[in-house]
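# Inside the fold
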Amino acid sequence: MSDSDSVSEWLRGLEDGDADAAQKLWDRFFKRLMLHADNRIGRALGGRVEAEDIAASVFESLYIGAQQGRFQSVKNRDELWWLLMKLAHRKLINAVRFETAEKRGGRNRPISLNNDRSCGFFAIVSREPTPDDVIVLGEELERVLTLLPEERLKKIAQLTLEGLTVIEISQQLGIATVTVTRKRKLIRSIWLRDLQE
């Protein structure tokens, strides 16, 4: 059974309240999601919110949503990762709103969670994603990956979107970190050009 098939099976198990499936999903995605949230928090909230809390809240929403049958269209690990990232963005937006509320000394000023614009195609919305949202995100991922002219660029982009660091990508692909950094800059420039067209 492939990793993608396993994730699909675990998701179906989660819908049935299978604790073992929930544990496997947690083990597979929690640390990576926490790192992803931590990168966003550093830019947006300056350490006022814990990445672990965001990731735990995302998994709680995933469990509740699965129990309600809202994620049945999620079929593989890539679609699940996009769903988890979208849920994390929602949680971060809510945290930003809470932290910048006037009664806590803020002025409800907007704080961008995506300052580097490297992933400008993310639709950041303040609601639970519908199955249609997941499909659209999956299609958009496929579209932007086709913009990349080399398989290595596509793999680096996918690993980056999964939350891996430059060092982790370098180790996984067996290439120098400077090469990964250079390729990520190239990916950014290709995607930014696409956004501007």
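Criteria and thresholds
Counting restarts for each chain: residues are numbered from 1 in the order of the written sequence. Only residues with pLDDT of 70 or above have their local features reported here, since the model is predicted, and side-chain atom pairs are shown and tallied only from 80 upward, although totals for entire chains, interfaces and linings are computed over all residues. Processing note: side-chain calculations cover all non-hydrogen atoms of the structure and skip hydrogens and water entirely. Only DSSP runs of H or I reaching four residues or more are called helices, and only runs of E reaching two or more are called strands; each is numbered from the N terminus. Each residue is placed in one exposure class: buried if its accessible area under a 1.4 Å probe, protein chains only, is under 20% of its type's maximum, exposed if it is over 50%, and partly exposed if it falls in between. Accessible surface area values rest on a Shrake-Rupley calculation with a 1.4 Å probe, where residue burial reflects the displayed protein chains alone. Expected span, for any helix, means 1.5 Å times one less than how many residues it has. Here the arc refers to the set of directions running from the helix axis out to each C-beta atom. In this analysis the probe radius is 1.4 Å and the grid spacing 1 Å, with only protein atoms considered; a cavity is a set of points the probe fits into but cannot get out of, a pocket is an open set with protein on both sides within 12 Å along at least five of seven lines, and lining residues have an atom within 4 Å of a point. Grid points are joined across faces, edges and corners, and a volume is the space filled by probe spheres set on the points. Ten residue types, Ala, Val, Leu, Ile, Met, Phe, Trp, Tyr, Cys and Pro, are classed as nonpolar, four, Asp, Glu, Lys and Arg, as charged, and the remainder, Gly among them, as polar. Each residue gets a pLDDT score, which is the predictor's confidence in that residue and runs from 0 to 100. A contact between two residues is defined here by any heavy atoms of the two lying within 4.5 Å. Each Phe, Tyr or Trp ring (for Trp, its six-membered ring) is paired with any other whose centre lies within 6.5 Å, and the angle between the two planes then decides the class: stacked below 30 degrees, edge-to-face above 60, tilted in between. To obtain each axis, a line is fitted to C-alpha atoms, and for helices this fit is confined to the stretch in contact; angles are then taken between N-to-C directions over 0 to 180 degrees. Angular relationships are summarised with four words: roughly parallel below 35 degrees, roughly antiparallel beyond 145, roughly perpendicular across 65 to 115, and oblique for the angles in between. Crossings are sorted by hand: turned counterclockwise from the far helix by less than a right angle, the near helix makes the crossing left-handed, and turned clockwise it makes it right-handed. What is meant by a nonpolar core is a set of buried Ala, Val, Leu, Ile, Met, Phe, Trp, Tyr and Cys residues, joined one to another through side-chain atoms within 4.5 Å. Nonpolar side chains (Val, Leu, Ile, Met, Phe, Trp, Tyr) are joined into patches within 5 Å and like charges within 9 Å, using only residues with over 30% relative accessible area and no salt bridge. Salt bridges are defined as contacts in which a side-chain nitrogen from Lys or Arg sits within 4 Å of a carboxyl oxygen from Asp or Glu. We count Lys and Arg on the positive side and Asp and Glu on the negative side, and we leave His and both chain ends out. By convention, the charge on Lys lies at NZ, on Arg at CZ, on Asp at CG and on Glu at CD.

So, on to the overall build of the protein chain. What the protein chain contains, in helices and strands, is eight helices and zero strands. When the helices and strands of the protein chain are read in sequence order from the N terminus, they spell out α-α-α-α-α-α-α-α. When each of the 197 residues of the protein chain is scored for burial, the buried share is 45%. Looking at the protein chain as shown, the accessible area adds up to about 10400 Å², and 48% of this sits on carbon and sulfur atoms.

A separate point is helix 3 (residues 51–67). The end-to-end C-alpha separation of helix 3 is 24 Å, in line with the 24 Å expected for 17 residues at 1.5 Å each. Burial in helix 3 covers these residues: Ala51, Ile54, Ala55, Val58, Phe59, Ser61, Leu62, Gly65 and Ala66. For helix 3, the angular spread of the buried residues around the axis is 160°, confining them to a single face. Once helix 3 ends, the next one or two residues include Gly69, with phi positive near 75°.

The gaps of empty space that remain are located by a probe, the size of a water molecule, rolled over the atoms. As enumerated under the stated definition, the model contains three cavities of 30 Å³ or more in all. If you go around the largest cavity, the residues you meet are Asp78, Trp81, Trp82, Leu141, Gln158, Leu161 and Glu162. Secondary-structure elements contributing two or more residues to the lining of the largest cavity are helix 4 (77–99) and helix 6 (151–161). Sort the elements by how many residues they give to the lining of the largest cavity and helix 4 lands first, with three residues. Tallied by class, the residues present in the lining of the largest cavity amount to four nonpolar, one polar and two charged.

Counting all residues, the mean pLDDT for the protein chain is 75, and 72% of those residues have values of 70 or more. The least confident element of the protein chain, judged by mean pLDDT, is helix 5 (residues 131–146) at 75; the most confident is helix 7 (residues 166–173) at 90. The low-confidence segment residues 107–127, where pLDDT is below 50, has 49 contacts with residues more than four positions distant or belonging to other chains.

Next up on the list: the packing of aromatic side chains. Inspection of the entire model under this criterion finds four aromatic pairs. Measuring from centroid to centroid gives 6.3 Å for Phe29 and Trp81, while their planes differ by 15°, and the two rings are stacked. You can see Phe29 sitting in helix 2 (residues 19–44) and its partner Trp81 sitting in helix 4, a full 52 residues away along the chain. Judged by relative accessible area, which is 1%, Phe29 ranks as buried.

Let us look at the packing of helix 6 against helix 7. Their axes nearest at 10 Å, the elements helix 6 and helix 7 cross at an angle of 135°. Viewed along their axes, helix 6 and helix 7 adopt a mutual orientation that is oblique. Crossing of helix 6 over helix 7 shows right-handed handedness. Each of Lys155, Ile156, Leu159 and Thr160 in helix 6 lies in contact with helix 7, whose residues at this interface are Ile169, Gln172 and Leu173.

Attention shifts here to the nonpolar core. Among soluble globular proteins, nonpolar side chains are generally buried collectively. With 46 residues, the main nonpolar core has Leu25, Leu62, Leu80 and Trp191 as its most contacted residues. The element that contributes the greatest number of residues to this core is helix 4, accounting for nine residues. Leave out the neighbours within four places in its chain, and Leu62 touches Leu11, Leu14, Phe71, Leu80, Leu83, Leu84 and Leu87.

A surface patch of like charges, here negative, comprises Asp38, Glu50, Glu52 and Asp53. Structurally, the position occupied by Glu52 is in helix 3.

Below, the discussion takes up the pattern of salt bridges. Throughout the structure, instances matching the rule amount to five salt bridges. A salt bridge links Lys24 to Asp20, with the shortest nitrogen-to-oxygen separation between them at 3.2 Å. Taken as a pair, Lys24 and Asp20 lie in helix 2 at a separation of four residues, close to a single helical turn. Using a relative accessible area of 45% as the deciding quantity, one classes Asp20 as partly exposed.

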